[in-house]
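Results of the structural survey
Here's the letter readout for the chains.
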Amino acid sequence: MADAAGRLTKLAEEVLGAPLPVRIRAWDRSESGPPGAPTLVIRHRRALRRLLFKPGELGLARAWVAGDLDIEGDLYEVLDRLAGLIWERDDAPKPQRAAVLRALARPEFRAAARELLTLAGAPVPPTPPAEEVRRRRGPLHTLRRDKEAISHHYDVGNDFYALVLGPSMVYSCAYWGAGEGTAATLEDAQRDKLDLICRKLGLQEGRRLLDVGCGWGSMVLHAAREYGVRAVGITLSEEQATFARKRIAEDGLADRIEIRVQDYREIKDEPFDAISSIGMAEHVGRTQYAEYAGALYSLLKPGGRLLNHQIARRPLADEEAYHVDDFIDRYVFPDGELAPIGRTVGQLEDAGFEVRDVEAIREHYALTLRSWVTNLERHWDEAARLTSPGRARVWRLYMAASALSFERNRIGVNQVLAVRTPEGGASDMPLRAREWRTGTHRG
């Protein structure tokens, strides 16, 4: 089967109707494509079978995670070139992929489809990689199903996350360049983000904070240590809770911070003076978001503040057509969903909140993700050993692709500050917009 790369390049260009912007190296060592371009390496013809049986994102994801497909050269450049070819035309990812599949079914491309079948070899569907979430049963966003989804993403080893996230152990968008001499490193930027949230929430000594989706405890630790609050952090991940409790004990703050393995729907010991929800609401789902917003509203004292830090997607002309990417759903965030920022603000207002500030920081997340990718690549062998080579490949692809999505404005991230304003209207907010930027704390 000589020159598999040349045949694949020709097939791809016929179907896509455009030159292939990357080189291809096939399992038979043949190469084809623009000289000097980054290379898509098809290590095994099994990659083609994965695409034939699951065309689109899922087939590509399975080939990548299994190691049947690899990239030589700059990962960001390859992803950007392929995204520009397949997704950006007409700004309609799903229709464009469907168009490719329809093209293969047209009479003039039947010969191309037959050749692809010949190149793929035995017509047997390969077994999905072990890292893929298997079929899920039952309705979305029950307590049990949400806990299983969180476990898939977060219970992959605290040591693995320490390699990726660095000493801060914060798994959400950092805040870069917040002031002179700040945010020189990822750790600085994460500290600045946590401190900004504390100031937006108006935290003071003796107040009570709830951190929903507390991760490894970084937010509650910062708030208790620097602002003197008493804090409750909740997570659905047993591994996160164990790690957070150990950090809190080592810092001598066990009398001020409690970590629970608990769903936000199970909290009964309100009220709180402030609530932070940082990178958690993406897991809630559109069918549950009104309940989420209402629950947080009910957990706050009158005058209490909520800081909701959440990834947003661009709105669609037909919102019913929204579909979670197969790769993200099967390998990264099972059952996760994104919403446009307008819907999020509207649902918080419907729950009774007065929304006082929305700060868009999407470029900050691109910088954060690129830092995490660098950490992962620097510690690649150890990361693969701590989890699996497939799991490490999942994280590398999703973080690099997400960085590009933030840079290209396909997705964004926003901090929404909202208040449970009392009936009399006294919000206790500063008169000047974003006065919290110059706030001080105990440190």
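Residues numbered from 1 in each chain as written. Predicted model: local features only at pLDDT ≥ 70, side-chain atom pairs only at ≥ 80, totals over all residues. Heavy atoms only, no water.

Applying the stated criterion across every chain yields a total of 35 salt bridges. As a salt-bridge pair, Lys-10 and Glu-14 come within 2.6 Å of each other at their nearest N and O atoms. Residue Lys-10 and its partner Glu-14 are both found in helix 1 (residues 4–16); the two are separated by 4 residues, about one turn of the helix. Here Lys-10 falls in the exposed class, since its relative accessible area comes to 53%. One salt bridge connects Glu-319 with Arg-343, and the closest N-O pair in it is separated by 3.1 Å. In this pair, Glu-319 is assigned in the loop between strand 9 (300–313) and helix 13 (326–332) and Arg-343 in helix 14 (residues 341–350), connecting sequence segments 24 residues apart. On the basis of relative accessibility, which here comes to 19%, the residue Glu-319 falls in the buried class. One network of salt bridges, in which partners are shared, links Arg-23, Arg-25, Glu-31 and Glu-72. (Salt bridge = Lys/Arg side-chain N within 4 Å of Asp/Glu carboxyl O. Helix = DSSP H or I, 4+ residues; strand = E, 2+ residues; numbered from the N terminus. Buried < 20%, exposed > 50% of the residue type's maximum accessible area, 1.4 Å probe, protein only.)

Attention shifts here to the side chain of Arg-265. Of note, Arg-265 is situated in the loop between strand 7 (257–261) and strand 8 (272–278). Under the relative-accessibility criterion, Arg-265 is labelled buried at 18%. Contact partners of Arg-265, with chain neighbours within four places excluded, come to His-141, Thr-142, Leu-143, Asp-146, Gln-288 and Glu-291. (Contact = heavy atoms within 4.5 Å.)

Moving on to the sheet that holds strand 8. The sheet built from 7 strands is open, its strands ordered 7-6-5-8-9-11-10 with mixed pairing. Edge positions in the open sheet fall to strand 7 and strand 10 (354–360), since each of these has one partner strand only. Here the strands of the sheet are splayed against their neighbours by 15 degrees on average, with no regard to which way each runs. In terms of strand pairing, strand 6 (residues 230–235) meets strand 7 through 5 bridges, oriented parallel. Pairing of Gly-233 across the sheet is with Ile-259, part of strand 7. Contacting strand 5 (208–212), strand 8 and strand 9, helix 12 (residues 289–299) runs over the sheet at an angle of about 150 degrees to strand 9. Lying over the sheet, helix 15 (residues 362–378) contacts strand 9, strand 10 and strand 11 (411–419), oriented at roughly 120 degrees with respect to strand 11. (Pairing = 2+ DSSP bridges. Axes fitted to C-alpha atoms, helices over the stretch in contact; angles between N-to-C directions.)

Note that predicted coordinates carrying low pLDDT should not be read in detail. Scored by pLDDT, the chain comes out at a mean of 89, with 90% of its residues at no less than 70. Across residues 87–96, confidence stays below pLDDT 50; counting only partners more than four residues off in sequence or on other chains, it has 12 contacts. (pLDDT = per-residue confidence, 0-100.)

Given two aromatic rings, their pairing is described by the distance between the two centres and the angle made by the two planes. Going through the model one piece at a time under the given rule, you end up with 15 aromatic pairs. Between Tyr-171 and Trp-372, the aromatic rings sit 5.3 Å apart at their centres with planes inclined by 55 degrees, giving tilted as the arrangement. With Tyr-171 in the loop between helix 8 (158–165) and helix 9 (186–200) and Trp-372 in helix 15, the pair connects residues that are 201 residues apart, well separated along the chain. Each member of the pair, Tyr-171 together with Trp-372, is buried. Cluster of aromatic residues (ring-pair linked, three or more members): Phe-160, Tyr-161, Tyr-171, Trp-216, Phe-333, Tyr-365, Trp-372, Trp-395, Tyr-398 and Phe-406. (Phe/Tyr/Trp six-rings, centres within 6.5 Å; stacked < 30°, edge-to-face > 60°.)

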